[in-house]
Amino acid sequence: SLVGKHGADRVRVSLYHTPALSGISKQLWPQRYNETFGLQHIKLYMFDDDTIISGANLSRDYFTNRQDRYMRIKDRALSDYFAQLVRAISRFSFELRNPSKGTAYDLKMNGGFADPSREPQTFIRQANEVMAKLLYSAEVKHALEGEISPSDTLVIPTVQMNQLGITQDQAHMDEFFQITSKYGSLNGCRNLMASAYFNFSDFHKENVLSSRSRWDLLVASPSANGFYTAKGVSKYIPDMYSIIEYEFLRTARKRMRGDISVEEYARDGWTYHGKGVWCYLDDKLPQLTMIGSPNYGYRSMYCDLETQITLIPASDGSPASRELQMSLHQEALFLLSHSKMVNEKELKQRIRGSPLWLHALKPFILKKM
């Protein structure tokens, strides 16, 4: 192992375990489906004062033919905060240690923390205390003083760990939906929200449907879905997303939301895994983007450990701020250039041959995939 090869003083591997998988459920559920109960989903890569935030897992296909998003930010305070976040999660995770003689590996819960698979409620309380302390400390340390200057570029990190009682990102997204809806009713506002899968939570779907601003949703087409070439039941997952997509567009039509559209990423030989938000208020360039690990689905909201940042470029019209806005805009245009708008009629035709049992599995897919 890396720990054995390089030493525990140079390499530390921490493995998070959800408290939702414990007792009899841990024994009965097949290992293949364990991750549906919740996992560590955060993707952060830090080097000194540089932070790369992404939704990418960095497996081989992300370096070849799997589309995702990446943003590098050079800022000591942000890098320090995310390093503290990683250390905090590591505190209530299992630590990989040099294996005992005759064993492949050795996992041990860090001292003082309950085993989440045996004492889930105690674990939740302990983990919540760690996270609440970190977030409060960061909020106090980095609180804005005075008015924000037009020359300031803001980076707002948010965390979602619902199983541990942390819903910071949900509150942040709720405020964002309210602001854009209000602004849309007064001046017009358009937004692009991307996810690897059309499996948005009810919270996100209802906010989009009730918003008074325009929304474009970008997701993977069936051929760009990571499950497209899967075997067994998994091969039907792209069809399930098409069913959910169709029902959403049907609802949008019934609610007379002709300003909501769905785009599907379809690029020959590529799969799609990008997620995030671009917000255009009264300009042709985005005034805001969100990037990170959440897919904006049920699991992101209620099961997994997630983090994203909201980046708000300076509004002073300087060459640097316009360059940043242009790069964000070009990123969105690039993704859309490989995408195609789909409609209700097309999706209805696509799902016509889907097996009936697939419709019965929809509640499970909505909450577990």
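Right above here is the structure, for reference.
The present account deals with the structure reproduced in this document. The shown structure was predicted, so the numbers you read here are calculated from the model rather than taken from an experiment.

What follows covers the overall build of the protein. The number of helices and strands found in the protein is 12 helices and 17 strands. Here the protein has a C-alpha radius of gyration of 21 Å; the compact-globule value for 369 residues is 21 Å, and the two agree. The buried share among the 369 residues of the protein stands at 50%. Taking the contacts inside the protein whose residues are at least 6 apart along the sequence as the reference set, 72% of them involve residues at least 24 apart. On the protein, roughly 19100 Å² of surface is accessible, and the fraction owed to carbon and sulfur atoms is 53%.

We now examine a nonpolar patch on the surface. A grouping of I24, L28, W29 and Y33 is seen on the molecular surface, where their side chains present a nonpolar patch of about 410 Å² in accessible area. Mapped onto the elements of the fold, I24 is located in helix 2 (residues 23-28). I24 sits in the exposed class, given a relative accessible area of 55%.

With that settled, consider helix 9 (residues 319-337). In an α-helix there are 3.6 residues to a turn, and that puts residues three or four apart on one side. Here helix 9 spans 26 Å end to end across 19 residues, near enough to the 27 Å set by a 1.5 Å rise per residue. Turning to helix 9, its buried residues are S321, Q325, L328, H329, E331, A332 and L335. The buried residues of helix 9 all sit within an arc of 145 degrees when viewed along its axis, so they share a single face. In this structure, helix 9 carries P319, A320, E323 and S337 as exposed residues pointing more than 90 degrees from its buried face.

Turning our eyes to something else, we now look at the packing of aromatic side chains. For the structure shown, the criterion picks out 15 aromatic pairs. With centroids separated by 6.4 Å and ring planes inclined at 45 degrees, the aromatic side chains of Y16 and F123 adopt a geometry described as tilted. Within this pair, whereas Y16 is found in the loop between strand 1 (14-15) and helix 2, its partner F123 is found in helix 4 (residues 120-141), the two being separated by 107 residues in sequence. For the pair Y16 and F123, one class covers both residues: buried. Both rings, one in Y81 and one in F82, keep their centres 5.3 Å apart while their planes meet at 55 degrees; by these two values the pair is tilted. The pair Y81 / F82 is uniform in exposure class, with both members buried. Aromatic rings pair up to connect F176, F177, F203 and W215 into one cluster. Geometry around Y280 places R190 over its ring, the cationic atom sitting 3.9 Å from the centre. If you follow R267 out to its NZ or CZ, it ends over the ring of W270, 3.9 Å from the centre.

Using the criterion set out here, one finds two cavities of 30 Å³ or more in the structure. Its volume calculated, the largest cavity comes out at about 60 Å³. The wall of the largest cavity is formed by 13 residues, among which A220, P222, P238, Y241 and E245 lie closest to the centre. Counting only elements with at least two residues in the lining of the largest cavity, the list comes to strand 11 (214-220) and helix 7 (237-254). Top contributing element to the lining of the largest cavity by residue count: helix 7, with four residues. Of the residues assigned to the lining of the largest cavity, the class counts are seven nonpolar, three polar and three charged. For the second largest cavity, the full set of lining residues is Q160, D169, Q170, M173, H204, P294, Y296, S300 and M301.

Taken as a whole and judged by the stated rule, the model has 17 salt bridges. Across the pair E35 and R299 runs a salt bridge whose closest N-O atoms are separated by 3.8 Å. Taken together, the residues span a long stretch of sequence, with E35 in the loop between helix 2 and strand 2 (44-47) and R299 in helix 8 (residues 298-302) at a distance of 264 residues. Salt bridges sharing partners connect three or more residues here, namely E35, R299 and D304.

Judged by nonpolar contacts, the single largest core of 44 residues is most densely connected at L85, F92, M131 and M161. With seven residues, the single largest contributor to this core is helix 4.

Scoring rules and cut-offs
- Residues numbered from 1 in each chain as written.
- Predicted model: local features only at pLDDT ≥ 70, side-chain atom pairs only at ≥ 80, totals over all residues.
- Heavy atoms only, no water.
- Helix = DSSP H or I, 4+ residues; strand = E, 2+ residues; numbered from the N terminus.
- Rg over C-alpha atoms; globule rule 2.2 N^0.38 Å.
- Buried < 20%, exposed > 50% of the residue type's maximum accessible area, 1.4 Å probe, protein only.
- Contact = heavy atoms within 4.5 Å.
- Areas by Shrake-Rupley, 256 points an atom, 1.4 Å probe, with all protein chains shown as cover.
- Patch = residues over 30% accessible without salt bridge, like charges linked within 9 Å, V, L, I, M, F, W, Y side chains within 5 Å.
- Salt bridge = Lys/Arg side-chain N within 4 Å of Asp/Glu carboxyl O.
- Expected span 1.5 Å × (residues − 1).
- Arc of directions from axis to C-beta.
- Phe/Tyr/Trp six-rings, centres within 6.5 Å; stacked < 30°, edge-to-face > 60°.
- Lys NZ or Arg CZ within 6 Å of the ring centre and 35° of its normal.
- 1 Å grid on protein atoms, 1.4 Å probe; cavity = no way out; pocket = protein on both sides within 12 Å on 5 of 7 lines; lining within 4 Å.
- Points joined across faces, edges and corners; volume = space filled by probe spheres on them.
- Nonpolar A, V, L, I, M, F, W, Y, C, P; charged D, E, K, R; others polar.
- Core = buried A, V, L, I, M, F, W, Y, C linked by side-chain atoms within 4.5 Å.

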